[in-house]
Amino acid sequence: MGIQFITDSMCDIDETILRRYPFEILPIPITIGDKTYYDGIDITPQMIIESVTNHPEDFPKTSQVQAITYKKCFEGHLQAGQDIIYLALSSGLSGTFQSASLIASQLLEDYPERKIAIIDSKCATTGMMMILHQGLKLNRLGKSFEEIVETMNFLGRHINIYFLVGDIKWLAKGGRIGKNVALIGDMLKIMPILYFDDGRILAYEKIRGKKKALKRLFELAGTKMGNNLQIMGMVNSTAPDLQDKAIRAMHKDYGINEFVVPQSGAGAALTVHIGTHCLGIMFFDALPENYINVK
């Protein structure tokens, strides 16, 4: 019956890929006050922004997909005779990978003839989409379960994500930096560039001034990707103008011709973590031999 690909809603989707390939998305729970919503179902990025603006004391929180959700989803596909590849949000950000792995090991005892692979993306957002996209393309070409899993794991180890953070005060509201640091940073017009380091989000540089920060972001992407014969990812949170500039710059200066871009921008779950006026650029610093560089 083939392979069923599954991911969670921290994977921001290029809708053209969603229309072209079948895969399932499990929603990330988001809690505001005493109410829980589900990303992509009953909450939007704009609702997150409005909530933080109007009620900063009830800052939204994301949580893991529940174990029972994994069990019901996975078991349904196993009963249908499908093998499963689940691409999880970085284990450095969430216990999602561990939870899904535990459920998978339990289910394989009941379905020993089937295969389940839980892949640690080591990233989030469009970076996850880029890894998933390669797996979907390889599956359509008839590659084996093992080759697809090996390739997706390779890409997870080599994904690079750099974010330009537009509102440093937002990070303080979420407890990701100290309030005094945020106040000083705001006064000095500091724009942090964040990056993923082995699946964890860390500060890479702090740049004074938006123009300089944007230029530095493009330089980092252009110099660190190594091979420009790849599909580059983008995501923005209330910053489509910056994303357009990035696409033009990466095409003109570095020869990138294909981009994975979520048409709706950052989803609600990602917006909780990065705030507004953000731009992210994603690429691989090494490519497997079977990499497919067309969208």
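Located above this text is the structure these notes cover.
Residues numbered from 1 in each chain as written. Predicted model: local features only at pLDDT ≥ 70, side-chain atom pairs only at ≥ 80, totals over all residues. Heavy atoms only, no water.

Chemist: Whenever I open this one, the nonpolar core confuses me. Can you help?
Modeler: Most often, soluble globular proteins keep nonpolar side chains buried together rather than apart. Of all hydrophobic cores here, the largest spans 74 residues; its most connected members are Phe-5, Phe-23, Phe-74, Ile-85, Tyr-86 and Met-152. No other element matches helix α5 (residues 125-140), which puts seven residues into this core. When residues no more than four places from it in sequence are discounted, the contact partners of Met-152 are Phe-5, Ile-85, Leu-87, Ile-119, Ile-131, Leu-132 and Gly-135. Formed by 26 residues, the second largest nonpolar core is a distinct cluster that contains Leu-220, Met-225, Met-232 and Leu-279. (Core = buried A, V, L, I, M, F, W, Y, C linked by side-chain atoms within 4.5 Å. Buried < 20%, exposed > 50% of the residue type's maximum accessible area, 1.4 Å probe, protein only. Helix = DSSP H or I, 4+ residues; strand = E, 2+ residues; numbered from the N terminus. Contact = heavy atoms within 4.5 Å.)

Chemist: Quick question: what am I supposed to make of the sheet that holds strand β7 (residues 116-120) here?
Modeler: Within a sheet, neighbouring strands are paired by backbone hydrogen bonds and run either parallel or antiparallel to one another. Strand order in the open sheet formed by four strands is β2-β1-β6-β7, and the pairing between neighbours is parallel. Of all the strands in the sheet, just β2 (24-26) and β7 have a single pairing partner and so form its edges. Pairs of neighbouring strands in the sheet enclose a mean axial angle of 20°, with direction left out of account. Both strand β1 (residues 3-8) and β2 contribute to a ladder of three bridges, which runs parallel. Across the sheet, residue Ile-6 finds its bridge partner in β2, namely Glu-24. (Pairing = 2+ DSSP bridges. Axes fitted to C-alpha atoms, helices over the stretch in contact; angles between N-to-C directions.)

Chemist: Help me out: how do you make sense of the environment of Asp-110 in this one?
Modeler: If you trace the backbone, Asp-110 turns up in helix α4 (residues 96-110). For Asp-110, a relative accessible area of 56% puts it in the exposed group.

Chemist: Where do I start with the packing of aromatic side chains in this structure?
Modeler: Centre-to-centre distance and the angle between the planes together describe a pair of aromatic rings. If you walk through the whole model with that rule in mind, you get eight aromatic pairs. Each ring, one from Tyr-70 and one from Phe-74, has its centre 5.6 Å from the other, and the planes form 40°; the classification is tilted. With Tyr-70 and Phe-74 both in helix α3 (residues 67-79) and four residues apart, this pair spans about one turn of that helix. For the pair shown, Tyr-70 and Phe-74 are each scored as buried. Ring geometry for Tyr-162 and Phe-283: centres 6.1 Å apart, planes at 5°, overall stacked. In this pair, Tyr-162 is assigned in strand β8 (residues 159-164) and Phe-283 in strand β13 (residues 278-284), connecting sequence segments 121 residues apart. Taking relative accessible area as the criterion, Phe-283 reaches 0% and is therefore assigned buried. (Phe/Tyr/Trp six-rings, centres within 6.5 Å; stacked < 30°, edge-to-face > 60°.)

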